[in-house]
Amino acid sequence: MRRPEDSPIIADRAEFVDALHQLLHGHVLVRVSDASWGCQLNGAPLRRSFGTLLHFGLIAPFHNPAGFAGVGYYRITDQGRWFARQALDVWRSLPFWQRSLMRLTG
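Residues numbered from 1 in each chain as written. Predicted model: local features only at pLDDT ≥ 70, side-chain atom pairs only at ≥ 80, totals over all residues. Heavy atoms only, no water.

Colleague: Whenever I open this one, the overall build of the protein chain confuses me. Can you help?
Modeller: Scanning the protein chain from terminus to terminus reveals four helices and five strands. Taken from the N to the C terminus, the helices and strands of the protein chain come in the order α-β-β-β-α-β-β-α-α. At 14 Å, the protein chain has a C-alpha radius of gyration in line with the 13 Å of a compact globule built from 106 residues. Here the C-alpha coordinates of the protein chain stretch approximately 45 × 35 × 25 Å along the principal axes. (Helix = DSSP H or I, 4+ residues; strand = E, 2+ residues; numbered from the N terminus. Rg over C-alpha atoms; globule rule 2.2 N^0.38 Å.)

Following this line, the structure appears as C-alpha cells:
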C-alpha cells in the first residue's frame, strides 16, 4: 500500500501546468538524461515536472522510429488529457496575482 509521503510533490506548479498545456496541444516531451536539464518540451527545459507527470500516468513513452537512439519520447495519455483540462480550468480561474506568485515561488 502506498503512503501519501511516497507520492511525488509538485515542486513547481507553474511549470507543471505549462507542461500539461503544451502536452495537451500535441507537443512531445523529449528526455535525454536523468539530469534536471535532461528533459525538453517544445524547446524549453522541463526541470522538475517529469517525475510527477510519469508517476501519475499523465504521460507515457512511445516509440519514435525517426528519433535518436537512447532518447526517450513521451506523449500525454488519455488520463493526462482529462487531468490537464481540469488543471488548466482551475489555473485560469485563479487571479493573475496568484498565478504570478506561483510562477515566482514554484
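Colleague: Help me understand the packing of helix H1 (residues 13–24) against helix H3 (residues 78–93) in this model?
Modeller: Axis angle and axis distance: for two packed helices, these are the angle between their axes and the distance between the axes, and together they describe the pair. For the pair H1 and H3, interaxial distance at closest approach is 9 Å and the crossing angle is 125 degrees. Classified by the angle between their axes, H1 and H3 sit oblique to one another. By crossing handedness, the relation of H1 to H3 is classed as left-handed. Each of Ala14, Phe16, Val17, Leu20, His21 and Leu24 in H1 lies in contact with H3, whose residues at this interface are Arg81, Phe83, Ala84, Arg85, Ala87, Leu88, Trp91 and Arg92. Residue classes in the contact of H1 with H3 are distributed as ten nonpolar, one polar and three charged. (Axes fitted to C-alpha atoms, helices over the stretch in contact; angles between N-to-C directions. Parallel < 35°, antiparallel > 145°, perpendicular 65-115°, else oblique. Left-handed = near helix turned anticlockwise from the far one by under 90°. Contact = heavy atoms within 4.5 Å. Nonpolar A, V, L, I, M, F, W, Y, C, P; charged D, E, K, R; others polar.)

Colleague: What is the right way to read the sheet that holds strand E4 (residues 59–61) from this model?
Modeller: Sheets are built from strands that pair by backbone hydrogen bonding, the pairs being arranged parallel or antiparallel. Ordered by their spatial adjacency, five strands build an open sheet running E3-E2-E1-E5-E4, and the pairing between neighbours is antiparallel. Each of the sheet's edge strands pairs with one partner strand only, and the pair in question is strand E3 (44–45) and E4. Sheet analysis places strand E1 (residues 29–31) next to strand E5 (residues 72–76), joined by three bridges and oriented antiparallel. For Leu29, the partnering residue across the bridge sits in E5 and is Tyr74. Contacts from H1 reach E1, strand E2 (39–41), E3, E4 and E5 within the one sheet, and its direction differs from that of E5 by about 85 degrees. (Pairing = 2+ DSSP bridges.)

Colleague: What should I look at first to understand the nonpolar core in this one?
Modeller: Across soluble globular proteins, you tend to see nonpolar side chains buried next to one another. Core analysis: the biggest nonpolar cluster contains 16 residues, and Leu20, Leu23, Leu29, Leu46, Phe50, Leu53 and Ile59 have the highest contact counts within it. Broken down by secondary-structure element, the contributors of at least two residues to this core are H1, E2, helix H2 (50–55), E5 and H3. The leading source of residues in this core is H1, at four residues. Membership of the second largest hydrophobic core comes to five residues, among which are Ala14, Leu88, Trp91 and Met102. (Core = buried A, V, L, I, M, F, W, Y, C linked by side-chain atoms within 4.5 Å. Buried < 20%, exposed > 50% of the residue type's maximum accessible area, 1.4 Å probe, protein only.)

Colleague: Got a minute to help me understand the pairing of E5 in this structure?
Modeller: Side-chain direction in a regular strand flips from residue to residue, so the side chains alternate between the two faces of the sheet. The buried fraction of E5 is high, at four of five residues. Alignment of E4 against E5, held across three bridges, turns out to be antiparallel. By the bridge assignment for E5, Pro61 is matched with Tyr74.

Colleague: For this particular structure, what's the right way to read the side chain of Glu15?
Modeller: Tracing the backbone through its elements, the reader meets Glu15 in helix H1. Within polar-contact distance, the side chain of Glu15 engages the backbone nitrogen of Arg47 at 2.9 Å. A polar side-chain atom of Glu15 sits 2.9 Å from the main-chain amide nitrogen of Arg48. Those residues in contact with Glu15, other than ones at most four positions away along the chain, are Pro45, Leu46, Arg47, Arg48 and Ser49. (Polar contact = N/O pair within 3.5 Å; in protein donor to acceptor, adjacent residues only side chain to side chain.)

The quantities given are spatial measurements derived from coordinates; they are silent on function.
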